[in-house]
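Working through the structure, step by step
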Amino acid sequence: MAKVERLALIGLGLIGGSLSLALKKNELVGEVVGYSRQLPTRLRALELGLIDRPADSVAEAVRGADVVFIATPVQAMGSVFQAMATALEPHALVTDGGSVKGSVVAAAKAALPCAQWAQFVPGHPIAGTERSGPDAAFASLFVDHRVILTPLPENSAALVARAVALWESVGAVVEQMAVQHHDHVLAATSHLPHLAAFGMVSALSRLEERYEVFRYAAGGFRDFTRIASSDPQMWRDICVANRDELLPMLDHYLDELLRLRHLIDAGDSAGIERLFVDAKAVREALYQPAQAHPD
Ligand code: NAP
């Protein structure tokens, strides 16, 4: 990949910070100029070496940049697009890491003039942790992880190729799909599991005997609910932004839980076992069987 002369990073947390660290580690970026909402976050990002220079506004950060990467929560992206419109260089690639694509594409279309709209190649790295903020960033986050790009019909092939090269340069495996298809698939594989984890912890915490219940929580509970430690604001935004895909997926899951409830209620042990055998086979086809576990 041709070296990025100046990267404008909008949002200085896990995703934005990790892209910057990876490009820096591979000596693929000249200067990183960063903006985030709060001054302490910008100063911390500077201190950690995620950015070389903090900017006081989105416009100041994108001026002179050949690549702009937006890594704020998705609901904030509309205001970011609006703020960059006057300062964006005509040759700049604009891309993002938002977990939902439909709402981000709509926000970009509403905020950017026609010519700049064509400069935006939407993206989503399928990599992350439950930690957030500048201190959570690390250079190897994207290595061997998928990044989904959802190019727009208005994007030139050369611009999409630049976005692909950017992600490949930090070790990611890039795939492309349509915006709506992305939101449908990710509602199933990422958004629904987060709802299940948040919902599980919330449900147990409302039990009268919760203190005793949590005292006996073992590894299985910890594994299942790890992602309920993710950033609440980010997941609030994702639920709101991907409502149309998430609600049918949630209903599908609730139907399955009701099916299980019915089997248990009916004492249908063969039916329960069949459901578990099928689910175990699917999981083991996806991942190596887990080590023996105490619970
Ligand atoms: P994060 O660690 O919480 O970082 C978000 C950054 O955005 C912070 O620097 C925050 O700055 C800044 N920010 C918030 N509101 C802003 C605004 N209105 N204007 C400018 N900056 C603002 O979040 P993240 O995990 O990096 O996620 C960033 C994006 O990547 C999200 O869209 C998320 O959906 C997506 N994503 C996340 C994961 C994951 O596992 N975490 C995985 C894939 C994609 P302040 O501290 O200054 O407010």
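Please refer to the structure placed before this passage.
Now for a quick tour of the structure.

A closer look at the nonpolar core
By size, the foremost hydrophobic cluster in this structure holds 36 residues, and its most contacted members are Leu7, Leu19, Leu23, Phe69, Phe142 and Trp167. Elements that contribute at least two residues to this core include exactly β1 (4-10), α1 (14-25), β2 (29-35), β4 (67-70), β8 (146-149) and α7 (157-168). Looking at this core element by element, the count peaks at 6 residues for α7. Contact partners of Phe142, with chain neighbours within four places excluded, come to Ile15, Ser18, Leu19, Pro125, Ala127, Trp167, Val170, Gly171 and Ala172. Of all hydrophobic cores here, the second largest spans 31 residues; its members include Ala59, Val74, Ala87 and Leu88.

What to know about α7
An ideal rise of 1.5 Å per residue puts 16 Å on 12 residues; α7 measures up with 16 Å between its terminal C-alpha atoms. The set of residues buried in α7 consists of Leu159, Val160, Ala163, Val164, Leu166 and Trp167. Along α7, the residues classed as buried sweep out an arc of 160° about the axis, all on the same side. Along α7, the residues that are exposed and aim more than 90 degrees away from the buried face are Ala157 and Ala158.

A short note on the packing of helix α8 (residues 179-205) against helix α11 (residues 232-241)
At their nearest, the axes of α8 and α11 sit 11 Å apart, and the two run at 125° to each other. Our classification of the angle between α8 and α11 gives oblique. The two elements α8 and α11 cross, and the hand of that crossing is left-handed. Between α8 and α11, the residues in contact are Ser190, His191, His194, Leu195 and Phe198 and Trp235, Ile238 and Cys239, respectively. Tallied by class, the residues present in the contact of α8 with α11 amount to 5 nonpolar, 3 polar and no charged.

What to know about the pairing of strand β5 (residues 93-96)
Across a regular strand the side chains alternate sides, sitting on one face of the sheet and then on the other. Burial along β5 is two-sided: the face carrying Leu93 and Thr95 and the face carrying Val94 and Asp96 are both buried. With 4 bridges joining them, β4 and β5 adopt parallel strand pairing. Residue pairing across strands places Val68 opposite Val94, the latter belonging to β5. With helix α4 (residues 77-84) bridging β4 and its parallel neighbour β5, the resulting β-α-β unit is right-handed.

Points about the packing of aromatic side chains
In the structure shown here, the tally under the stated rule is 4 aromatic pairs. When the ring of Phe69 is compared with that of Trp167, the centres are 5.6 Å apart and the planes differ by 75°; the resulting orientation is edge-to-face. One end of the pair, Phe69, is in strand β4; the other, Trp167, is in helix α7, and 98 residues separate them in sequence. Each member of the pair, Phe69 together with Trp167, is buried. Here the aromatic rings of Phe142 and Trp167 are separated by 5.0 Å at their centres, their planes lie at 80°, and the arrangement is edge-to-face.

Thoughts on the site of the ligand
Of all residues adjacent to the ligand, which total 28 residues, the nearest are Gln38, Thr41, Thr72, Ser99 and Gly133. Contact between the ligand and Ile15: an oxygen atom at 2.8 Å from a main-chain N or O atom of the residue. Note that an oxygen atom of the ligand is positioned 2.7 Å from one of the side-chain N or O atoms of Thr41. Relative to its free-state accessible area of 900 Å², the ligand is covered by the protein chains to the extent of 89%. Elements that contribute at least two residues to the shell around the ligand include exactly α1, β7 (123-125) and α11.

A few points about the sheet that holds strand β6 (residues 120-121)
Spatially, β3-β2-β1-β4-β5-β6 is the arrangement adopted by the 6 strands of the open sheet, whose pairing is parallel. Taken across any chain shown, the strands that pair with only one partner, and hence form the sheet edges, are β3 (53-54) and β6. Taken strand by strand, α1 contacts β1, β2 and β4, and its axis lies near 165° from that of β1. Of the strands in this sheet, β1, β4, β5 and β6 touch α4, which is tilted by about 155° from β4.

Calculation rules
- Residues numbered from 1 in each chain as written.
- Predicted model: local features only at pLDDT ≥ 70, side-chain atom pairs only at ≥ 80, totals over all residues.
- Heavy atoms only, no water.
- Core = buried A, V, L, I, M, F, W, Y, C linked by side-chain atoms within 4.5 Å.
- Buried < 20%, exposed > 50% of the residue type's maximum accessible area, 1.4 Å probe, protein only.
- Helix = DSSP H or I, 4+ residues; strand = E, 2+ residues; numbered from the N terminus.
- Contact = heavy atoms within 4.5 Å.
- Expected span 1.5 Å × (residues − 1).
- Arc of directions from axis to C-beta.
- Axes fitted to C-alpha atoms, helices over the stretch in contact; angles between N-to-C directions.
- Parallel < 35°, antiparallel > 145°, perpendicular 65-115°, else oblique.
- Left-handed = near helix turned anticlockwise from the far one by under 90°.
- Nonpolar A, V, L, I, M, F, W, Y, C, P; charged D, E, K, R; others polar.
- Pairing = 2+ DSSP bridges.
- Right-handed = clockwise from strand over helix to strand, strands pointing away.
- Phe/Tyr/Trp six-rings, centres within 6.5 Å; stacked < 30°, edge-to-face > 60°.
- Near = heavy atom within 4 Å.
- Polar contact = N/O pair within 3.5 Å; in protein donor to acceptor, adjacent residues only side chain to side chain.
- Areas by Shrake-Rupley, 256 points an atom, 1.4 Å probe, with all protein chains shown as cover.

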